[in-house]
Amino acid sequence: ESWKLGWKAFFKPTEVAPGVIVRPPWSDQLKSKVDVIIDPGLAFGTGTHATTQLAAQLLVKQLEGQPSLKVLDQGCGSGILSLIAARLGHQVVGVEIDPMATRSAQENLPLNQFSQKDVTFISDDQVPNGPFDLVVANIIAPVLIDLASQITAVCQETIILSGLLVAQEDRVLKAYQGWVISERITSGQWVGLILKRVE
């Protein structure tokens, strides 16, 4: 409860990717291409962490200007990446193992004038049935490895991985057999990857 109250003093509008602003409900809208309102409650995710920003940057690159795609946000937390994808015009399913985080993500939908028809948030530790055009997973490396076979089974074209350290990259990639790095960006000790299926 102290976190629920205390974080509000530190949550300021953050540019998580070029032209993409994540802000709290009490902050005025800033000039941006994409405006996302987040009240994380007790969930992880205000957009300030490097791994979220890496994932957001890669997600925007893949989705901006594209026709509507089916997107899976695995480990969605407070729903930031899901809401960015929805704001760019895509159909999104967000999955989170923590029911409290799922509830927070669902509560962020009306703040952004979305409904469950636009973004579906579910509480589960499994990857839902696909197919999905793109899967984004901003999760710690051991979980990226554990879920690799399920993610690759439901993804048709593009996987975005974040949440892993540079030192963990090779170990994570070994779990994604049949996929190759299309783009790689770093922030300090963290790395974000776009993987494409080997033709």
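Heads up: the structure comes first, above all this text.
Residues numbered from 1 in each chain as written. Predicted model: local features only at pLDDT ≥ 70, side-chain atom pairs only at ≥ 80, totals over all residues. Heavy atoms only, no water.

On to the overall build of the protein chain. Scanning the protein chain from N- to C-terminus turns up 7 helices and 10 strands. For 199 residues, the compact-globule formula gives about 16 Å, and the C-alpha radius of gyration of the protein chain, at 16 Å, lands near that figure. Per-residue burial over the protein chain gives 51% buried out of 199 residues. Counting contacts in the protein chain only where the partners sit at least 6 residues apart, residues at least 24 apart contribute 60% of the total. Carbon and sulfur atoms provide 52% of the accessible area of the protein chain, an area that totals close to 9400 Å². Where the 16 positive side-chain charges of the protein chain centre and where its 20 negative ones centre are 3 Å apart. (Helix = DSSP H or I, 4+ residues; strand = E, 2+ residues; numbered from the N terminus. Rg over C-alpha atoms; globule rule 2.2 N^0.38 Å. Buried < 20%, exposed > 50% of the residue type's maximum accessible area, 1.4 Å probe, protein only. Contact = heavy atoms within 4.5 Å. Areas by Shrake-Rupley, 256 points an atom, 1.4 Å probe, with all protein chains shown as cover. Lys, Arg positive; Asp, Glu negative; His and termini not counted. Charge placed at Lys NZ, Arg CZ, Asp CG, Glu CD.)

Attention now moves to the sheet that holds strand β3 (residues 34–37). Think of a sheet as strands paired side by side through backbone hydrogen bonds, with each pair either parallel or antiparallel. With mixed pairing, 3 strands are arranged side by side in an open sheet as β1-β2-β3. In this open sheet, the two edge strands, each paired with only one partner strand, are β1 (14–17) and β3. Recorded for the sheet is a direction-independent mean angle of 30° between the axes of neighbouring strands. Sheet topology places strand β2 (residues 20–23) next to β3; 4 bridges connect them, and they run parallel. Considered in β3, the bridge of V20 is made with V34. (Pairing = 2+ DSSP bridges. Axes fitted to C-alpha atoms, helices over the stretch in contact; angles between N-to-C directions.)

Here we come to the side chain of S162. Mapping S162 onto the fold places it in strand β8 (residues 155–165). Relative accessible area serves as the criterion here: at 0%, S162 is assigned to the buried category. At 2.8 Å, the side chain of S162 and the backbone oxygen of T51 are in polar contact. Among residues more than four places away in sequence, those in contact with S162 are T51, L54, A55, A137, N138, I139, L144 and V191. (Polar contact = N/O pair within 3.5 Å; in protein donor to acceptor, adjacent residues only side chain to side chain.)

On to the layout of surface pockets. Gaps left between atoms show up when a probe the size of a water molecule is rolled over them. Of the pockets and cavities examined, the largest pocket occupies roughly 510 Å³. As for the largest pocket, its lining consists of 29 residues, of which G75, G77, E96, N138 and I139 are closest to the centre. Residue assignment for the lining of the largest pocket shows that the elements contributing at least two residues are α2 (50–63), β4 (70–74), α3 (80–87) and β5 (91–96). Of the residues belonging to the lining of the largest pocket, the class tally is 13 nonpolar, 11 polar and 5 charged. (1 Å grid on protein atoms, 1.4 Å probe; cavity = no way out; pocket = protein on both sides within 12 Å on 5 of 7 lines; lining within 4 Å. Points joined across faces, edges and corners; volume = space filled by probe spheres on them. Nonpolar A, V, L, I, M, F, W, Y, C, P; charged D, E, K, R; others polar.)

Note that every value here comes from positions in space, so none of it alone points to a role or purpose.
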